[in-house]
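# Structure assessment
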Amino acid sequence: ELKDPRGIAYAHGRVFIGLAGPKKVAILDKEGVVGGAIGHDGRFPNPVDIVCDTPRHRVYIVDIKLHQVFAYTENGDSLFTIGSRGLGDGEFNYPQSAVVDTAGNLYVVDGFNFRIEIFDSTGKFLRKFGQSGDAWGYFARPKGIALDTYGNIYVLDALHQNFQIFNNAGEMLMFVGKYSPFNNGFENPISIAIDRNNLIYVTDNLNARVQVFQLLKAD
């Protein structure tokens with residue numbers, strides 16, 4: 001039973017779903033049949049996001065209640081754990097989501113520390129950017145994160161009602177969106193994803209829709 005599903009990801013013909021009910025990650029085949037799990041019942045109290053590092057056959061589990069990120073193989077073997085609750089480098093306060101780049105670096109939205117933390121493929125802390133505030137480049141309620149094919153970082157903010165775009169050094173480039181129940185903004189956006197053609201998908205929660213944007217390359 002897929003009780004209380006949270007995060008979801010796909011890799012190599014399998015779907016990984018974080019379940020807050022039994023507190024584990026279920027592994028499904030392409031037909032939707034449960035064929036295994038990562039972690040025993042009770043291991044992950046609230047697995048809000050699942051991220052697959054496909055080239056490395058690796059699965060990252062973001063647990064907001066444990067304030068940690070867990071790295072496993074796709075077969076369920078534990079590799080390492082990142083973080084604990086705190087304010088320091090490599091620590092988290094309600095992590096929300098994550099994304100992996102082509103080099104295997106992991107970008108984590110550290111929600112109530114109002115920042116993005118970046119780790120290498122071994123879990124070593126590399127750098128961070130962001131802080132609490134209501135100006136451009138600051139965060140109020142950061143939720144989703146995604147990367148485009150140029151390595152730019154997109155951070156969705158549910159309170160600012162927008163997504164902000166940063167270069168890989170953490171410098172803000174632009175933002176998109178404002179509060180609106182119409183087609184010119186968002187109302188509590190929750191998650192963001194970007195495909196290989198740089199189409200940007202945003203779940204616009206209280207407007208009950210998904211909005212799609214196209215990144216335009218400057219000449």
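Residues numbered from 1 in each chain as written. Predicted model: local features only at pLDDT ≥ 70, side-chain atom pairs only at ≥ 80, totals over all residues. Heavy atoms only, no water.

## As for the overall build of the protein
Our working rule: Helical segments are the DSSP runs of H or I of at least four residues, strand segments are the runs of E of at least two, and each set is numbered from the N terminus. We take the radius of gyration over the C-alpha atoms and set the globule estimate at 2.2 Å times the residue count to the 0.38 power. For each residue, the accessible area found with a 1.4 Å probe, counting protein chains only, is set against the maximum for its type, and the residue is called buried under 20%, exposed over 50%, and partly exposed in between. Two residues qualify as a contact provided that any one of their heavy atoms is within 4.5 Å of a heavy atom in the partner residue. Computed by Shrake-Rupley with a 1.4 Å probe, the accessible areas treat only the displayed protein chains as cover when residues are assessed. Under the counting rule used here, the positive set is Lys and Arg, the negative set is Asp and Glu, and His together with the chain ends is not counted. Note on charges: their place is set at NZ of Lys, CZ of Arg, CG of Asp or CD of Glu.
Along its length, the protein carries 0 helices and 19 strands. Over its C-alpha trace the protein gives a radius of gyration of 17 Å, about what one expects of a compact globule, namely 17 Å for 219 residues. Principal axes of the C-alpha set define a box for the protein whose edges measure 45 × 40 × 35 Å. The buried share of the protein, taken over its 219 residues, is 50%. For the protein, the share of sequence-separated contacts (at least 6 apart) that also reach a separation of at least 24 residues comes to 34%. In the form shown here, the protein has an accessible surface area of approximately 10,700 Å², with 52% of it arising from carbon and sulfur atoms. Distance from the positive charge centre (21 side chains) to the negative charge centre (24 side chains) of the protein: 3 Å.

## So, the pattern of salt bridges
Note the cut-off: Each reported salt bridge corresponds to a side-chain nitrogen of Lys or Arg within 4 Å of a carboxyl oxygen of Asp or Glu.
A full pass over the atoms with the stated rule returns 8 salt bridges. Two residues, R115 and D110, come together in a salt bridge whose shortest N-O distance is 2.7 Å. For R115, a relative accessible area of 6% corresponds to the buried category. Across the salt bridge formed by E117 and R115, the nearest N and O atoms sit 3.4 Å from each other. The network of salt bridges with common partners includes D110, R115 and E117.

## Considering the environment of S97
Going by this rule: Definition of a polar contact: a pair of N or O atoms within 3.5 Å, with one able to donate and the other able to accept a hydrogen when the atoms are protein atoms, and with sequence-neighbouring residues admitted only if both atoms are side-chain atoms.
With respect to the secondary-structure elements, S97 resides in strand β9 (residues 95-100). Look past the residues within four positions of S97 in its chain and what remains in contact with it is D49, V62, Y107, V108, V109, K143, G144 and I145. Engagement of the side chain of S97 in a polar contact is seen with the backbone oxygen of K143, the distance being 2.5 Å.

## Topic: the packing of aromatic side chains
Selection criterion: For Phe, Tyr and Trp, where Trp contributes only its six-membered ring, two rings pair if their centres lie within 6.5 Å, and the inter-plane angle classes them as stacked under 30 degrees, edge-to-face over 60, or tilted in between.
Scanning the entire structure with this criterion turns up 14 aromatic pairs. Joined through ring pairs, the aromatic side chains of Y154, F163, F186 and F213 make up one cluster.

## Here's the deal with the sheet that holds strand β16 (residues 172-176)
Selection rule: The pairing criterion for strands is at least two bridges between them, as found by DSSP. A fitted line through C-alpha atoms serves as each axis, taken over the contacting stretch for helices, and the angle formed by two N-to-C directions is quoted from 0 to 180°.
Overall, antiparallel pairing links the 4 strands, which are arranged β13-β14-β15-β16 in an open sheet. Here the strands that pair on one side only, and so sit at the sheet edges, are β13 (142-147) and β16. Between one strand and the next, the sheet's axes are offset by a mean angle of 20°, whatever the strand orientation. Sheet analysis places strand β15 (residues 162-166) next to β16, joined by 4 bridges and oriented antiparallel. Across the sheet, the residue bridging to F163 is V176, located in β16.

## Regarding unusual backbone geometry
A positive phi is found at H12, a non-glycine position, where the angle reads about 50°. Within the element layout of this structure, H12 appears in the loop between β1 (5-11) and β2 (14-19). A positive phi angle, close to 65°, is found at K23, a residue other than glycine. Under the relative-accessibility criterion, K23 is labelled partly exposed at 31%.

## Quick notes on the sheet that holds strand β5 (residues 47-53)
Read across the sheet, 4 strands follow the order β5-β6-β7-β8 without closing on themselves; strand pairing throughout is antiparallel. With one partner strand each, in any of the chains shown, β5 and β8 (78-82) form the two edges of the open sheet. Strand-to-strand twist across the sheet, computed as the mean angle between neighbouring axes with direction ignored, equals 20°. By the bridge criterion, 6 bridges tie strand β6 (residues 58-63) to strand β7 (residues 68-73) in an arrangement that is antiparallel. Among the inter-strand pairings, V62 is bridged to a residue of β7, identified as V69.

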